[in-house]
Structures are given as C-alpha cells and as structure tokens.
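# Structure assessment
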Amino acid sequence: MTLFLVLLLLSPFLWMVIMAFRPAADVFDLTLWFHPTVDAFRALRDGNFLASFSNSLWVSAISTVLSLVLGVPAAWVLTRWRFRARSQVALWILVTRMAPPIAFTIPFFLAWRWLGLLDTVIGLSIVYLTFNLAIVIWLMQTFFAAVPVALEEASWLDGCALWRSFWLISLPLVKPGLAATAILCFIFSWNDFFYALILTRTHAITAPVAIVNFLQYEGWEWSKIAASGTLVMLPVVAFTLLMRRYLVHGLTAGGLKD
C-alpha cells in the first residue's frame, strides 16, 4: 500500500522524466517501451536555457544566504531579549509574508528601475530576501526557544561575550533548524515565477520563466518543456537529499515539550 501511494504521488514527475527522453514525434505515446533520446536536452544546451538555469541557482543561493545571515541573528534577538514591543515586531514581520505578491510588484518595479536593479540577479535576490526573511525569523525563533538559556548563561560566566555565545553555543545547537529553513528558502526562491516574470527581461531570466518561452503561438514544445522541468527539479532534489537528515530532525524539533 505504501509503495502504491509513493508511486501515485511520484507519477506526474516520473511521467515528465519519461517525456523528456521520448522522441518529439511520440512524446504523448502511452507505451512504456521506446528508444530514449537526449535531443531535448541537447536543444536546451544549444539554446539560452542554461543561462536561465544559472540565474536561478545564483538568485536562490544568494537570497538563501542573505536570509540566513540577517534572519538568524534577528530570530535569536527576538527569542532572548525582553522588550516591550517584541510580540508586535514579530507579528509585523509575519504580516509582510501574508500580503499577496501583486501588492508589491509595482513599487518594486518602479524602485528597481530607478536604482538600476531591474533585470539583474542582485535585484531579484533582494526581492526574494523580503519574503524569505520572515520565514527565517519565525522558524528559527522556535528552534532558539528550544535551546536552554542556562547554556548561554554558563558561557557568560566563563567569560564568553554575548555574540560569541550566540556563535559558539546557540548556533551549533540549531543546525537542524538551519538546514530545514535553508531548504525552504531555497525552494521558495527557486520556484518563484511571478516576481521573476515582472522584474526580469533578458539578462536575469530564471528557469521557471524560461520554460514559458517554449509555449509558443505555433505550438508547445513538449519535449523541451519536459526536459527543462526535469532539470529544474534536480537541484531541489539533490539539495534536499543532502540535507534530509537535518531536514527531518529540524521539522520535528519542538514537537514534544518537556
């Protein structure tokens, strides 16, 4: 039963992979026996898709790293420091994630055009930072709250400074949470289509937007669509498999309370 459910869930992805290796003439043939070909992947290599694929990698990596660098210390501060407006600050950070992307599109477009960041990898990375930051802060607050404050206080008694205690004591204890949060940020950035469609033109087009170029008025190039979709899945699958041990531990952390 479990194997059946797994195959059922994976069937759309398996079908796409099979379509990517089918000849273009019989891409919709339902027979399982065919002569595999890599013509669709060669066409992607000879076209501009690899440049878009590289843009997606850079944008996702930069936005993920920036989100962790800025969001993890902020989450630790909101968890450990006691000040009057702490709950309000955390709430407003979450509210920024609740707003629909269309609400920010025109302001981003006008501001980025004035700043010269339109159709750039850096400009798109900053946009992704705005919604990934809220995810990092809210997720990491949960993980930092599970770390006993007594461990940090003991390091202070041993002469450890405040931020050194954060770096040497708290941060290593939330590695599973860091991995889980990084994977989620990478996936959200990698799969974004709306912002990339509006804020890019030629130089910073990402892979999801490039796939739309295969949907032409004369016809849809299904072989290229399936091949590009297969390539788009690979980085997320590889990243998740590498970090799966930390991902499972991070997502289940805090599920039990002492």
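A separate point is the environment of A74. Tracing the backbone through its elements, the reader meets A74 in helix α3 (residues 49-80). We classify A74 as partly exposed; its relative accessible area is 26%. Distance in space between the C-alpha atoms of A74 and A90 is 10.0 Å, their sequence separation being 16 residues.

For the rest of this paragraph, the subject is the packing of helix α9 (residues 175-191) against helix α12 (residues 222-242). As a packed pair, α9 and α12 sit with axes 10 Å apart at the nearest point and diverge in direction by 175°. Classified by the angle their axes make, α9 and α12 are roughly antiparallel. Contact residues: A182, I183, F186, I187 and W190 in α9; V232, P235, V236, F239 and T240 in α12.

Among the surface-exposed residues, W15, F28, F193, L197, V212, L215, W220 and W222 lie close enough to one another that they form a single nonpolar patch of about 770 Å² accessible area. Mapped onto the fold, V212 is located in helix α11 (residues 207-212). Judged by relative accessible area, V212 falls into the partly exposed class, the value being 35%.

All right, on to the side chain of T200 then. Mapping T200 onto the fold places it in the loop between α10 (194-199) and α11. For T200, the side chain forms a polar contact with the main-chain oxygen of A196, separated by 2.3 Å. Dropping the residues within four chain positions of it, T200 is found in contact with D119, L124 and I205.

Residues F49, L124, V127, Y128 and Y195 are the most contacted members of the largest nonpolar core, which totals 32 residues. Of the residues forming this core, the biggest block, six residues, is contributed by α12. In this structure L124 touches V59, W112, Y195, A196, L199, T200, A204 and T206, once residues within four positions along its chain are discounted. Within the second largest apolar cluster, 18 residues are counted, among which are I93, M140, F144 and V147.

Moving on to the pattern of salt bridges. Inspection of the entire model under this criterion finds three salt bridges. One salt bridge connects D39 with R42, and the closest N-O pair in it is separated by 3.0 Å. With D39 and R42 both in helix α2 (residues 39-46) and three residues apart, this pair spans about one turn of that helix. Judged by relative accessible area, which is 42%, R42 ranks as partly exposed.

What follows is about the side chain of D192. Assignment of secondary structure puts D192 in the loop between α9 and α10. Separated by 3.3 Å, the side chain of D192 and the backbone nitrogen of Y195 make a polar contact.

The rules we used
Residues numbered from 1 in each chain as written. Predicted model: local features only at pLDDT ≥ 70, side-chain atom pairs only at ≥ 80, totals over all residues. Heavy atoms only, no water. Helix = DSSP H or I, 4+ residues; strand = E, 2+ residues; numbered from the N terminus. Buried < 20%, exposed > 50% of the residue type's maximum accessible area, 1.4 Å probe, protein only. Axes fitted to C-alpha atoms, helices over the stretch in contact; angles between N-to-C directions. Parallel < 35°, antiparallel > 145°, perpendicular 65-115°, else oblique. Contact = heavy atoms within 4.5 Å. Patch = residues over 30% accessible without salt bridge, like charges linked within 9 Å, V, L, I, M, F, W, Y side chains within 5 Å. Areas by Shrake-Rupley, 256 points an atom, 1.4 Å probe, with all protein chains shown as cover. Salt bridge = Lys/Arg side-chain N within 4 Å of Asp/Glu carboxyl O. Polar contact = N/O pair within 3.5 Å; in protein donor to acceptor, adjacent residues only side chain to side chain. Core = buried A, V, L, I, M, F, W, Y, C linked by side-chain atoms within 4.5 Å.

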